[in-house]
Amino acid sequence: MSVSEIESPAVADRTPPAAPARRGSALAALTRGQGLAGVLLVLAVSAAGLLAHWIAPFDPTEQITGANLLGPNGTHWFGTDEVNRDVYSRVLHGIRINLQIILIAVPIGAVLGSLLGLVSTLHPAADVVAQRVFDVVLAFPALILAIALAAIVGPGAVTVGIVIVVAEIPAFGRTVRTQVLRIRELPFVEASEVIGASRWWTLRTHVLPNAAEPLAVELALAMSVAVFVESGMSFIGIGVRPPAPSLGSIVADAVPNLDANPAFVVGPLAVVAALVLGFLLIAQALGSARRS
């Protein structure tokens, strides 16, 4: 076994300390200004979705007698739809479904993309393969990918999740690749390799912790994109299957009935806008903290 393969405490003790990842500055960015505003928006919408079972006044699929396309009132805050269902209750449950999909799919896409990006830095051949995989995925817009996948396996929440996972892999993969190649050339990383630290020890101890901040920014951006993907797929009928509520399908149901109940579309659009804006504010705050 060569000296470079040994991961001993002595090596760790002799390795120059890594440049700080500045986690404190990132956390501080989320407690003031636009970062705090974004966190509060996301938390408020998320809390409404998580508590939907308890705070929704009606079942999201219940057809209420005599309540066809009513405008907002004390009983139906967002009015009712064309089949007498309470729009406010459907929006609350739609938030829950949307969050369940993106909070599962985005982390999976982040992990797969990060691993592929990390592997691509280990050998030139692996880099070529990974870059071609990224190029193929990026060649197909998310909507085209969604339509093709729905034609093969059918519409549904699983289809939405797969599309989000695949769409996010190139973004995370290239972010990790760029950061690893950049950090690996810094003096403290080169010093740890010179004194005998193994490549995996260096990646785990020095490179990955210092790549955490750009990954956090990418994660917040991915969440905002995922909200649009889920809503867009449900809007065109290849997402969450009715009668289950989805923010996109509620907007789709509202479009033909805007003359009868213009307020029908306001609730779901406001929620989508709040979620996207919240995640974008978080991403912008984290990005500003990193640049500073």
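## Let's talk about the packing of aromatic side chains
Aromatic ring pairs: the centre-centre distance and the angle between the two ring planes describe each pair.
Phase 1: Per the stated rule, a full pass over the model turns up two aromatic pairs.
Phase 2: Ring centres of Trp77 and Tyr88 lie 4.9 Å apart, and the angle between their planes is 35°; this geometry places the pair in the tilted category. Taken together, the positions of Trp77 in the loop between α4 (52-55) and α5 (87-120) and Tyr88 in helix α5 put the pair 11 residues apart, joining distant regions of the chain.
Phase 3: Summarising the aromatic geometry, the rings of Phe78 and Tyr88 are spaced 5.3 Å apart at their centres and angled 90° between planes, so their arrangement reads as edge-to-face. Separated by 10 residues along the polypeptide, Phe78 in the loop between α4 and α5 and Tyr88 in helix α5 bring together distant segments of the chain.

## Examining helix α6 (residues 124-138)
Since one α-helical turn is 3.6 residues long, residues separated by three or four positions face the same way.
Phase 1: The first and last C-alpha atoms of α6 sit 21 Å apart over 15 residues, in line with the 21 Å expected at 1.5 Å per residue.
Phase 2: The complete set of buried residues in α6 reads Asp127, Ala130, Gln131, Phe134 and Val137. Seen from one end, α6 has its buried residues packed into an arc of 125°, which puts them on one side.
Phase 3: Those residues of α6 hidden inside the fold are in contact with α5 and α8 (157-183).

## Here's the deal with the packing of α5 against helix α11 (residues 212-235)
Phase 1: Contact geometry for α5 and α11: axes closest at 9 Å, N-to-C directions at 135°. Taken together, α5 and α11 sit at an angle that is classed as oblique. Here α5 and α11 pass one another in a crossing that is right-handed. Between α5 and α11, the contacting residues are Asn98, Ile101, Ile102, Leu103, Val106, Ala110 and Ser114 on the first element and Leu215, Leu219, Ala222, Met223, Ala226, Val227, Glu230 and Ser231 on the second.
Phase 2: A per-class count over the contact of α5 with α11 returns 11 nonpolar, three polar and one charged.

Calculation criteria
Residues numbered from 1 in each chain as written. Predicted model: local features only at pLDDT ≥ 70, side-chain atom pairs only at ≥ 80, totals over all residues. Heavy atoms only, no water. Phe/Tyr/Trp six-rings, centres within 6.5 Å; stacked < 30°, edge-to-face > 60°. Helix = DSSP H or I, 4+ residues; strand = E, 2+ residues; numbered from the N terminus. Expected span 1.5 Å × (residues − 1). Buried < 20%, exposed > 50% of the residue type's maximum accessible area, 1.4 Å probe, protein only. Arc of directions from axis to C-beta. Contact = heavy atoms within 4.5 Å. Axes fitted to C-alpha atoms, helices over the stretch in contact; angles between N-to-C directions. Parallel < 35°, antiparallel > 145°, perpendicular 65-115°, else oblique. Left-handed = near helix turned anticlockwise from the far one by under 90°. Nonpolar A, V, L, I, M, F, W, Y, C, P; charged D, E, K, R; others polar.

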